[in-house]
Each structure stands twice: as structure tokens, then as C-alpha cells.
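# Structural overview
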Amino acid sequence: MADSSIQSIVISAPVDRVAGVICDFARYPEWTDAVRSVEVLEEYEDGYASQVRFVIDAGVLADEYTLVYEYAEDISRIEWHLAAASRMQQAQNGSYDIGDNGDGTSTVTYTLEVELKVGMLGMFRRKAEKMIMDTALKQLKRRVESLGATD
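Residues numbered from 1 in each chain as written. Predicted model: local features only at pLDDT ≥ 70, side-chain atom pairs only at ≥ 80, totals over all residues. Heavy atoms only, no water.

### Description of the pairing of strand E3 (residues 49–57)
On a regular strand, one side chain projects to one face of the sheet and the next to the other, so that they alternate. One ladder, built from seven bridges, connects strand E2 (residues 35–43) with E3; its direction is antiparallel. Of the residues in E3, the one forming a bridge with Glu 39 is Arg 53. Where E2 folds back onto E3 in an antiparallel hairpin, the turn is made up of five residues, including Gly 47, whose phi is positive at roughly 95 degrees. As paired elements, E3 and strand E4 (residues 62–71) share seven bridges and run antiparallel to each other. Counted as the bridge partner of Val 55 is Glu 64 from E4. (Pairing = 2+ DSSP bridges. Helix = DSSP H or I, 4+ residues; strand = E, 2+ residues; numbered from the N terminus.)

### Quick notes on the pattern of salt bridges
Applying the stated criterion to the full structure yields seven salt bridges. A salt bridge links Glu 39 to Arg 53; its shortest N-O distance comes to 3.3 Å. Residue Glu 39 is found in strand E2, and its partner Arg 53 is found in strand E3; the two are separated by 14 residues along the sequence. Since its relative accessible area comes to 22%, Arg 53 is described here as partly exposed. Between Glu 79 and Arg 77 there is a salt bridge whose closest N-O contact spans 2.6 Å. Its relative accessible area of 29% is what places Glu 79 among the partly exposed residues. Residue classification places Arg 77 among the partly exposed residues on the basis of a relative accessible area of 31%. (Salt bridge = Lys/Arg side-chain N within 4 Å of Asp/Glu carboxyl O. Buried < 20%, exposed > 50% of the residue type's maximum accessible area, 1.4 Å probe, protein only.)

### A short note on the sheet that holds E2
Strand order in the open sheet formed by seven strands is E1-E7-E6-E5-E4-E3-E2, and the pairing between neighbours is antiparallel. Both outer strands of the open sheet, strand E1 (5–11) and E2, are each paired with one neighbouring strand and no more. The sheet shows a mean angle of 20 degrees between the axes of neighbouring strands, direction not considered. The strands touched by helix H1 (residues 15–23) are E1, E4, strand E5 (77–82), strand E6 (89–100) and strand E7 (106–116); relative to E6, the strand with the most contacts, the crossing angle is about 160 degrees. (Axes fitted to C-alpha atoms, helices over the stretch in contact; angles between N-to-C directions. Contact = heavy atoms within 4.5 Å.)

### A short note on the packing of aromatic side chains
Counted by the stated rule, this structure contains 13 aromatic pairs. Geometrically, the ring pair formed by Phe 25 and Tyr 69 is tilted, given 4.6 Å between the ring centres and 50 degrees between the ring planes. Taken together, the residues span a long stretch of sequence, with Phe 25 in the loop between H1 and helix H2 (28–31) and Tyr 69 in strand E4 at a distance of 44 residues. Note on Phe 25: relative accessible area 2%, which makes it buried. Ring centres of Phe 54 and Tyr 65 lie 5.6 Å apart, and the angle between their planes is 20 degrees; this geometry places the pair in the stacked category. Of this pair, Phe 54 sits in strand E3 while Tyr 65 sits in strand E4, placing them 11 residues apart in sequence. The buried category is assigned to Tyr 65, whose relative accessible area is 11%. (Phe/Tyr/Trp six-rings, centres within 6.5 Å; stacked < 30°, edge-to-face > 60°.)

Coordinates in, geometry out; function isn't part of it.
Here is the structure:
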């Protein structure tokens, strides 16, 4: 498996609001540029998605894949892995860790490992991962903060 890439961002919202946006998979196409469609395939008894199919188009990377999700009891950690190899990916593991900063803000730490089926030099892979993660975290921050405390 490839090395993990890790990035964090501070979001002006409590943990539960951040987790709510992350877990609302059906709305990802509304606020995530690369996501074309999302379908929740299976749910746990508590209503959280256990398997989610994504169709993405990020220019040079277009793919369709299914992720299997697991959640911490307090939803402070959301983690996933690729259910089966896709056209572009051999493996994917990731997580969001959401920490309460005690001042109404949360720190979201995004960890991602992707093993592509096509070879890519390490420096190019790391640059691509950084760009993907930067974009994902900025879009998450914008979405959560735009919802406000009443939504």
C-alpha cells in the first residue's frame, strides 16, 4: 500500500455539524466539484451508510467505485476502504478524524492512502494527493460553514 497523506483544517462549527455534512453522501454532488453522483447501497441499523458508490470526474482521474464505511460511536472518526478494485484504483483507505477545539470550532484531519492501477512516480502521486486533499477539505469547510448553526 502507498504511504498515507495527512492534512488538517479548522472549521467554524461543532463536531456534530461537521460529521453531519460528511455523512450526508447524497448531497456530495452539490458541493464537491469532482463528484458526479453518489448512491448509498447499504446502511447500518442506525441509518449511517455502510456502502456508498461514487462516480467521480476530476479531469485526469475519472472513476466509479464503492467505499465501505465505519464510524466511531460518537462519530468523531469516519473511516473507509475500497470494497473492490475499480478501473483506476487498486486500493483506497481513508479517514476523517473530527476533534472538538472547545471554542465552537472543530479540527478535521483527513488521512488518505490510494494505490492506483497505473504507475505514478512518488513525487507526482504525492502532489496529486495533496491537491485532492486540499480541495476536499476546503470544499468541506465551505459547505459546513455555509449551513450555519440553524441548518
